[in-house]
Amino acid sequence: MPASTPGTPSLLRAMNDRAALELLLTHGPLSRTRIGHLTGLSKPTASQLLARLETAGLVLATGTDGGRPGPSAQLYSLNPRAAYVGGLDVTPGRVLAAVADLTGTVIASHEVPYTEGAQAVDQVTEALGGAVKAAGLHRSDLHRVVIATPGAFDPQTGRLRYASHLPGWHSPTLLDDLAAALPMPVEYENDVNLAAVAEQRLGAARGHEDFVLLWNEEGLGAALVLGGRLHRGWTGGAGEVGFLPVPGRPLVRQVTRANSGGYQELAGVEGLPRLAAELGMAAAPGPAADSPHGPDTPHGPGTPHSPEVAAAVALLGQAAAAPEGAHLSFLQSYATALATGLASLVAVLDPEIVVLSGAAISAGGEPLRALLEAELAELAPSRPRLVPGEVRERPVLHGALESALAATRDEVFDTSR
């Protein structure tokens with residue numbers, strides 16, 4: 001077994017720098033003494049470290065700690081302007097872009113609605129350009145961009161799969177065209193996977209290594225996180241659970257042409273108005289809750305749900321508000337439909353928790369969650385906790401930004417380069 005290589009002074013400095021930057025990111029402004037205490041460094045070493053990071057533009061002196069007795073201590077914080085990232089959330093109706101600084105604060109966003117015949121490259125550059133302009137930046141100021149789409153780009157062919165409903169995104173040269181149009185590194189990820197990233201970093205899945213996120217909005221999907229990492233599959237299609245054959249619906253053949261499957265037919269939003277009518281539920285009063293893709297943000301208007309999602313959200317919100325009689329039967333039937341496919345995932349993966357996300361599931365609230373958990377206990381051998389998603393405002397977009405920030409911080413925080 002080879003002997004371990006002792007740490008060089010430069011390597012140890014870089015490790016200490018990284019530890020201090022992570023502390024400032026987690027805790028906010030800290031004094032030299034506090035940084036020394038948390039890292040185990042002496043005061044002189046902590047002072048040298050902070051001077052080095054301040055010279056590099058990674059930390060700022062941000063006032064003093066005047067709340068304690070005795071002399072005030074200088075506070076230091078992470079420099080939010082040390083790096084910027086972009087995230088885009090692409091749906092069949094629009095492209096939404098946002099820019100965040102190194103601390104994760106979203107500073108601007110811009111939305112471009114889909115128009116007939118629009119080209120993907122044009123949509124992306126227009127949306128990103130609008131967000132960058134609103135932030136007072138240039139596109140070259142962005143260290144990295146992550147683009148969220150339905151489906152996934154096949155790592156072998158570069159073609160978008162599992163998303164035939166996304167207009168303008170199926171050119172065989174699309175990734176090359178986007179790389180030529182954008183001056184920064186660009187990554188692509190499935191939208192539901194990025195909703196899981198948002199929950200893992202900011203929401204209900206923090207501290208959990210093995211979980212499933214079940215999503216129901218424009219389509220029914222799942223994200224699988226195993227050992228703390230996204231599981232994407234060989235072609236990027238892991239989690240495309242809408243294609244699952246399930247009891248209660250005839251087999252759907254030629255699923256790629258139909259862009260659907262048994263689980264989507266059983267538990268997708270399209271069937272909920274019909275189910276409500278069969279149970280004698282009165283029509284809901286109209287579109288309701290906010291979409292996780294958005295309409296409302298501090299940075300401008302977004303896009304309302306599709307008519308199918310809006311109708312489902314309104315029906316589920318109405319039923320959850322008064323879960324009795326026909327409303328309770330409606331929630332129970334929907335819970336059974338969701339549990340039918342979810343049981344297969346749980347039986348194979350045995351996750352610690354299942355995060356429930358997407359507008360349709362979220363609209364059912366605690367009454368739907370409790371019924372779904374009870375149904376799953378009847379159908380699956382293991383019993384994971386079912387928890388509602390906590391990132392309710394634009395989880396896909398926040399996941400894209402968090403993914404871009406993770407890679408960017410790895411680069412920026414590495415002072416050994």
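In this text the structure is predicted, and so the values were computed from the model without any measurement.

Caption draft 1: Representation of the environment of R409 within the structure. Of note, R409 is situated in helix α14 (residues 395-412). Among the residues examined, R409 registers a relative accessible area of 11% and is labelled buried. When the C-alpha positions of R409 and E22 are compared, they lie 9.2 Å apart, and in sequence the two are 387 residues distant. Excluding its chain neighbours within four sequence positions, the residues that come into contact with R409 are R18, L25, L102, T103, G104, E402 and D414. Within the structure, the side chain of R409 is placed 2.9 Å from the backbone oxygen of L102, a separation counted as a polar contact.

Caption draft 2: Structural view of helix α10 (residues 307-321). For α10, built from 15 residues, the straight-helix expectation of 21 Å at 1.5 Å per residue is met to within 8% by its first-to-last C-alpha distance of 21 Å. Among the residues of α10, those classed as buried are V309, A310, A312, V313, A314, L315, L316, Q318, A319 and A320. Contact partners of the buried residues in α10: α9 (272-278), α11 (326-349), α12 (359-363) and α13 (365-379).

Caption draft 3: Highlighting the pairing of strand β7 (residues 142-149). For β7, the buried fraction is high: 7 of the 8 residues fall into the buried class. Sheet analysis places strand β4 (residues 84-91) next to β7, joined by 6 bridges and oriented parallel. Paired with L88 across the strands is I147, a residue of β7. The pairing of β7 with strand β10 (residues 186-190) spans 5 bridges and is classified as parallel. By the bridge assignment, A148 is partnered in β10 with E189.

Caption draft 4: Examining the layout of surface pockets more closely. In this structure, the second largest pocket occupies an estimated 390 Å³ of space. Taken together, 16 residues form the lining of the second largest pocket, with V197, R201, L230, R232 and S403 sitting closest to its centre. At the level of secondary structure, the elements contributing two or more residues to the lining of the second largest pocket comprise β10, α6 (191-202), β13 (229-230) and α14. Of the residues assigned to the lining of the second largest pocket, the class counts are 7 nonpolar, 3 polar and 6 charged.

Caption draft 5: Layout of the environment of A282. Structurally, A282 can be placed in the loop between α9 and β14 (296-297). When sequence neighbours within four positions are dropped, the list of residues in contact with A282 reads L315 and Q318.

Caption draft 6: Region of interest: the sheet that holds strand β2 (residues 59-65). A sheet is described by the order of its strands in space; here 3 strands give the open sequence β1-β3-β2, paired in antiparallel fashion. Looking at which strands have only one partner, the edges of the open sheet turn out to be β1 (30-31) and β2. Across 5 bridges, β2 lies against strand β3 (residues 73-78) in antiparallel orientation. Across the sheet, residue T64 finds its bridge partner in β3, namely Q74.

Caption draft 7: View of helix α4 (residues 120-134). The end-to-end C-alpha distance of α4 is 21 Å, a good match for the 21 Å that 15 residues give at a rise of 1.5 Å each. For α4, the complete set of buried residues consists of A120, V121, Q123, V124, A127, L128, G130, A131 and V132. Tucked inside the fold, the buried residues of α4 contact β4, β5 (94-101), β6 (106-113), β7 and α5 (174-181). Looking one or two residues beyond α4, the residue adopting positive phi is G136, at roughly 75°.

Rules used in this analysis
- Residues numbered from 1 in each chain as written.
- Predicted model: local features only at pLDDT ≥ 70, side-chain atom pairs only at ≥ 80, totals over all residues.
- Heavy atoms only, no water.
- Helix = DSSP H or I, 4+ residues; strand = E, 2+ residues; numbered from the N terminus.
- Buried < 20%, exposed > 50% of the residue type's maximum accessible area, 1.4 Å probe, protein only.
- Contact = heavy atoms within 4.5 Å.
- Polar contact = N/O pair within 3.5 Å; in protein donor to acceptor, adjacent residues only side chain to side chain.
- Expected span 1.5 Å × (residues − 1).
- Pairing = 2+ DSSP bridges.
- 1 Å grid on protein atoms, 1.4 Å probe; cavity = no way out; pocket = protein on both sides within 12 Å on 5 of 7 lines; lining within 4 Å.
- Points joined across faces, edges and corners; volume = space filled by probe spheres on them.
- Nonpolar A, V, L, I, M, F, W, Y, C, P; charged D, E, K, R; others polar.

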